[in-house]
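The primary structure of each chain is shown beneath.
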Amino acid sequence: MLEISDLKVHFPLASGQVVRAVDGVTLTLTPGEVMGLVGESGSGKSTVGKAALRLVPATDGGIRIGNLDVLSARGKQMRDLRSRAQMVFQDPHSSLNPRMTIRRAVSEGLILNTSLRGRALRDKVAEMLEAMGLPAQFHERFPHELSGGQKQRVCIARALVLDPELLVLDEPTSALDVSVQAQILRVLRDLHKVRPEMTQLFISHNLAVIRFLCQSVAVMYLGRIVEAGPVARVFEAPAHPYTRALLSAVPVPEATRRPDRIRLEGDIPSPTALPPGCAFHTRCPIAEKGLCDVTAPPEVKLDDGRSVRCHLA
Ligand code: ADP
Ligand code: MG
């Protein structure tokens with residue numbers, strides 16, 4: 001359903017430096033799969049999501065959504081892309097036009113992409129908003145009259161009303177109060193039950209959220225996927241030292257804490273100066289001199305459906 005192959009997204013800066021935000025990402029999502037994309041801030045997650053929908057230009061590589069070649073799409077194919085793939089962003093406030101009622105916000109995509117008008121349009125929009133927990137009294141309100149959680153429900157309704165085959169969610173709960181986060185997470189979990197055929201790429205830095213919502217997970221570090229596979233396998237027996245470090249940073253009761261706890265020292269290096277070899281070697285507790293700092297590790301497929309990029313895993 002979504003096939004990203006060797007995607008590179010580089011941003012040239014005025015200084016002449018190049019930000020290698022995404023530097024060779026390959027991901028395959030089957031129809032109906034809910035995949036989590038996790039990694040520290042700055043690892044390139046949002047850029048992957050935006051490039052998949054052509055909201056930022058790809059430097060190199062391939063992207064397919066079903067039978068649609070995203071990077072070469074023009075005209076009608078581009079309009080197809082806009083209705084077949086939708087994105088929900090982190091900050092619902094800045095994703096909504098302050099001068100548009102929420103009914104209009106949700107109607108817009110339908111007016112642009114379908115022939116629905118009048119009563120049928122109104123009904124479809126009202127039904128979608130109600131399914132997202134926003135009853136009729138909200139429909140003529142403006143974004144500033146809504147709470148953060150309500151605004152994010154509008155953004156999800158706006159994405160879903162076009163019946164997309166692919167939904168990319170970029171940290172959709174990170175900007176919300178903790179109490180509201182749980183409600184939105186439940187909405188998203190139900191989504192998979194109501195629309196099991198919709199493929200979802202769920203971007204988050206929160207492993208607990210990914211475990212709650214996703215079947216598979218890809219772990220990203222400095223523009224590359226270091227480990228990917230079924231959530232159950234990756235979380236129970238992480239193979240990459242970076243995955244282990246992320247998992248051991250999740251607060252758990254002292255008694256259940258793993259003895260092999262790994263602390264991530266220092267900050268993620270700048271994507272304008274990627275470390276040679278394995279990009280993680282500068283922070284890796286098991287890196288070997290002469291190997292990890294010299295040679296980029298190849299992707300190794302494990303027999304439980306996982307792939308790992310580490311010389312020592
Ligand atoms: P994440 O979502 O994992 O936090 P991003 O994809 O937002 O990571 O960013 C990855 C890297 O690319 C960061 O270092 C970020 O500063 C940089 N970046 C993202 N967008 C741009 C841009 N338009 N121009 C220059 N650098 C960018
Ligand atoms: Mg991001």
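The following paragraphs examine the structure supplied in this document. Per chain, the residues get numbers from 1 upward, laid out in the order the sequence is written. The naming scheme follows written order: chains are lettered A onward, ligands numbered 1 onward. Per-residue local features of the predicted model are confined to residues with pLDDT of at least 70, and side-chain atom pairs are confined, for both listing and counting, to 80 or more; whole-chain, interface and lining totals are unaffected and use all residues. Note that water and hydrogens are dropped before the side-chain values are worked out from all heavy atoms of the structure.

### Notes on the sheet that holds strand β10 (residues 224-230)
For step 1, the next point in the chain: A pair of strands is labelled paired if DSSP reports no fewer than 2 bridges between them. Under the scheme used here, helices are H or I runs from DSSP no shorter than 4 residues and strands are E runs no shorter than 2 residues, and both carry numbers assigned from the N terminus. Spatial strand order, β6-β7-β8-β3-β9-β10-β12-β11: eight strands in an open sheet with mixed pairing. Of all the strands in the sheet, the pair left with one neighbour each is β6 (85-88) and β11 (300-301).
For step 2, the next point in the chain: In this sheet, strand β8 (residues 199-204) lies alongside strand β3 (residues 34-38) in parallel orientation, the contact comprising five bridges. Within β8, the position partnered with V34 by the bridge is Q200.
For step 3, the next point in the chain: Any two residues whose heavy atoms approach within 4.5 Å at even a single point are treated as in contact. Angles run from 0 to 180 degrees between N-to-C directions of axes, and those axes are lines fitted to C-alpha atoms, restricted for helices to the stretch in contact. Sheet strands in contact with helix α1 (residues 45-52) are β3, β6, β7 (166-170), β8 and β9 (216-221), and its direction is about 150° off that of β8.
For step 4, the next point in the chain: Helix α2 (residues 75-84) rests against β6 and β7 of the sheet, and its axis sits at about 50° to β6.

### A few points about the state of the cysteines
For step 1, the next point in the chain: The disulfide criterion used throughout: a pair of cysteine sulfur atoms within 2.5 Å. Across all of its chains, the model carries zero disulfides by this definition.
For step 2, the next point in the chain: With no disulfide partner, C155 has as its closest neighbouring cysteine sulfur the one in C214, 19 Å distant.
For step 3, the next point in the chain: For C155, a relative accessible area of 3% corresponds to the buried category.
For step 4, the next point in the chain: With no disulfide of its own, C284 lies closest to C310 among cysteine sulfurs, the gap being 6.2 Å. Buried, partly exposed and exposed residues are distinguished by accessible area as a fraction of the type maximum, computed with a 1.4 Å probe on protein chains only: under 20%, between the cut-offs, and over 50%, respectively.

### Concerning the environment of V161
For step 1, the next point in the chain: Within the secondary structure, V161 is located in the loop between α6 (148-160) and β7.
For step 2, the next point in the chain: The class for V161 is buried, based on a relative accessible area of 2%.
For step 3, the next point in the chain: Remark: the alpha-carbon pair of V161 and I210, spanning 49 residues in sequence, is separated by 24 Å.
For step 4, the next point in the chain: The residues contacting V161, other than those within four sequence positions of it, are V106, L110, K124 and M128.

### Focus: the sheet that holds strand β2 (residues 18-29)
In a beta sheet, neighbouring strands pair by backbone hydrogen bonds and run either parallel or antiparallel.
For step 1, the next point in the chain: An order of β2-β1-β4-β5 is seen for the four strands of this open sheet, with the pairing classed as antiparallel. Each of the sheet's edge strands pairs with one partner strand only, and the pair in question is β2 and β5 (68-69).
For step 2, the next point in the chain: The pairing of strand β1 (residues 2-12) with strand β4 (residues 60-65) spans five bridges and is antiparallel. Its bridge partner lying in β4, L2 is registered against I65.
For step 3, the next point in the chain: Where α1 meets the sheet, its contacts fall on β1, β2 and β4, and the angle it forms with β1 comes to roughly 115°.

### Looking at helix α5 (residues 118-131)
Along an α-helix, residues three or four apart share an orientation, since each turn contains 3.6 residues.
For step 1, the next point in the chain: Its 14 residues place the ends of α5 20 Å apart at the C-alpha level, agreeing with the 20 Å of an ideal helix rising 1.5 Å per residue.
For step 2, the next point in the chain: Where the residues of α5 are buried, they touch α4 (102-113) and α6.
For step 3, the next point in the chain: Count one or two residues on from α5 and you reach G133, which has phi positive near 85°. For a helix, the expected span equals 1.5 Å multiplied by the residue count minus one.

### Considerations on the environment of Q215
For step 1, the next point in the chain: With respect to the helices, strands and loops of the structure, Q215 is situated in the loop between α8 (207-213) and β9.
For step 2, the next point in the chain: Since its relative accessible area comes to 38%, Q215 is described here as partly exposed.
For step 3, the next point in the chain: For the pair Q215 and L160, spaced 55 residues apart in sequence, the C-alpha separation works out to 20 Å.

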